[in-house]
Amino acid sequence: MKLERIEKRIEDYYNNQAVGQSHLKKLFYLKNPMDIFKEEKISKESFFRIGSAVDALITCGNDYFYNKFRIIDENNKATDKVKLVVEKVAELVQPSFLDTNILELQHYQEEILSACVELEYQSNWKQETKVNSILEKGSEYFELLQLSKLYTILSSEEYSIVQACVDRLLNGKYTSHLFNGQELFQIPLYFQKDNVDLKCLLDMIYVDHENKTFRVVDLKTTSKSVIDFKDSFSKFGYNIQLWLYSYALSLHYKELGLSDYEQLTPMLIVVSTTYLKEPASYFELTEVQLDNGGYGDDFGNPGFKQIFDYYKYYQEHDYTEHKLIREQQGHFYL
C-alpha cells in the first residue's frame, strides 16, 4: 500500500462534505443542537492516541504511521511557569513541515521576552537572563509543542503499549487468521440515502475467497478487558456504525470485485490497552444486533433510522430548538 495513495484517500475522505455516522450520533444526543457547529477538538487523552496508533499501524502500515506519529518523552526540566511562557510563544508560531526553525526556541527571543513580561516571569531579572533561562529550561518543551501541531505524540510507554496491541492482533492465537492477506484496508465509501450525501471509512473488509464471503471488520481498542466489551458496544452505539458500514458496502461490493460473494454480518476485533497479557478477541454481530443497529430495539435504544431522522429534521427546520421541545410545544410530563 503506497503511502501517497493511502494518505490521499484518507485526506479526501475527511475533506468530503458528506455526513458520517459519528456526526449523526453526536447530533442525536446533543441537548443543544446548535453545539454541532462548535469546532470539534481532537482528544489528546492517552487512550485515544493509543487506539489511533494501533489502527494506523494495522490498516495503513509503518510508513503512514511514522508520517503521522512521533515517539517523544517529555522532559521534566521545564517548571510550570516556564511552560506557560513557552506555550505563549508557541501560540504565535505556526508550524510548517518545510521550516525547521519552528522547532527551535532560540529563533523567537523577542517573543520570549514579551511572554515573560506578560506573565510576570522573574520580573526582577535582566532581560537577557530571563531569555536565557527560558531557552535553557524550555527548548525541549517548545519542540514538543511544535511537533504536536504536526504529529500525534506518543510517549515511549504509550508506544510500547501500541506495539503490544499490534502484536496480539496480528500474531494472537484467536485473531491472526483474520489478517492473512485477504483483507482490504481503509476503504472510503460514498453514497446517498433520502437525498443526503453520506460517507463511511471502513477499517477493513475481510474477504474469504475459499468460501466466497466478505464482511465489514472494525478494529477497536478498549481500556477494559475484552470480556467487558459488550458494555462499550452498547454505550457507543457500535451497532449503528456497523449497520451503516454494512449497508454502504452492500451498495459498493461489486465495484470491489466481490460480485459473486455473499456478505456476512460485520465483526469487531478488540484488543485491550490495559490488560497487555490478555489475547485479542473478535465479536461477530448477530442478524438481530445488526437489525437493531438499523432500526432500534425494543428497549428504546436508537438505530440508524432514528438518528438519521433527527438529522433530516434539523436540515429541514433549523438547529435553534431541540426536536422534542418543538414537537411537544414545550409540554412534558415528569
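These lines cover the structure that appears in this document, whether it is placed above or below. (Residues numbered from 1 in each chain as written. Predicted model: local features only at pLDDT ≥ 70, side-chain atom pairs only at ≥ 80, totals over all residues. Heavy atoms only, no water.)

### Examining the overall build of the protein chain
And then number 1: Within the protein chain, the regular secondary structure consists of 13 helices and 8 strands.
And then number 2: Seen through its C-alpha atoms, the protein chain measures out along the principal axes to roughly 75 × 55 × 35 Å.
And then number 3: In the protein chain, buried positions account for 46% of the 334 residues.
And then number 4: Within the protein chain, counting contacts between residues at least 6 apart in sequence, those at least 24 apart form 68% of the total. (Helix = DSSP H or I, 4+ residues; strand = E, 2+ residues; numbered from the N terminus. Buried < 20%, exposed > 50% of the residue type's maximum accessible area, 1.4 Å probe, protein only. Contact = heavy atoms within 4.5 Å.)

### Quick notes on the pattern of salt bridges
And then number 1: For the coordinates displayed, the defined rule picks out 13 salt bridges.
And then number 2: A salt bridge links R49 to E158; the shortest N-O distance between them is 2.4 Å. With R49 in helix 3 (residues 46-59) and E158 in helix 8 (residues 156-171), the pair connects residues that are 109 residues apart, well separated along the chain. In this pair, the class of R49 matches that of E158, namely buried.
And then number 3: Among the ionic pairs, D218 bridges to K220, the shortest N-O distance being 2.9 Å. One exposure class covers both D218 and K220, and it is buried. (Salt bridge = Lys/Arg side-chain N within 4 Å of Asp/Glu carboxyl O.)

### Some words on helix 11 (residues 287-295)
And then number 1: Within the span of helix 11, buried status applies to L290, G293 and G294. The buried residues of helix 11 occupy one face: seen down the axis, they fall within an arc of 95°.
And then number 2: Contacts from the buried residues of helix 11 go to helix 10 (238-252) and helix 12 (304-316). (Arc of directions from axis to C-beta.)

### Brief notes about the pairing of strand 7 (residues 267-272)
And then number 1: In terms of burial, strand 7 is largely enclosed, as 6 of its 6 residues are buried.
And then number 2: Direction of pairing for strand 5 (residues 213-222) relative to strand 7: parallel, over a ladder of 6 bridges. Counterpart to T222 in the pairing with strand 7 is S272.
And then number 3: As defined by bridge partners, strand 7 adjoins strand 8 (residues 281-284) across 4 bridges and the pair is classed as antiparallel. Among the inter-strand pairings, L268 is bridged to a residue of strand 8, identified as F283. (Pairing = 2+ DSSP bridges.)

### Let's talk about the environment of C165
And then number 1: Mapped onto the secondary structure, C165 falls in helix 8.
And then number 2: Along the backbone, C165 and L285 are 120 residues apart, and their C-alpha atoms lie at a distance of 23 Å.

### Some words on the packing of helix 2 (residues 21-29) against helix 12
And then number 1: Remark: helix 2 packs on helix 12, axes separated minimally by 9 Å, with the N-to-C direction vectors making an angle of 75°. As summarised for this structure, helix 2 and helix 12 are arranged roughly perpendicular, according to the angle between their axes. Residues H23, L24, K25, L27 and F28 of helix 2 form the contact with helix 12, whose own contacting residues are F304, Q306, I307, F308, Y310, Y311 and Y314.
And then number 2: Its residues assigned to classes, the contact of helix 2 with helix 12 shows 9 nonpolar, 2 polar and 1 charged. (Axes fitted to C-alpha atoms, helices over the stretch in contact; angles between N-to-C directions. Parallel < 35°, antiparallel > 145°, perpendicular 65-115°, else oblique. Nonpolar A, V, L, I, M, F, W, Y, C, P; charged D, E, K, R; others polar.)

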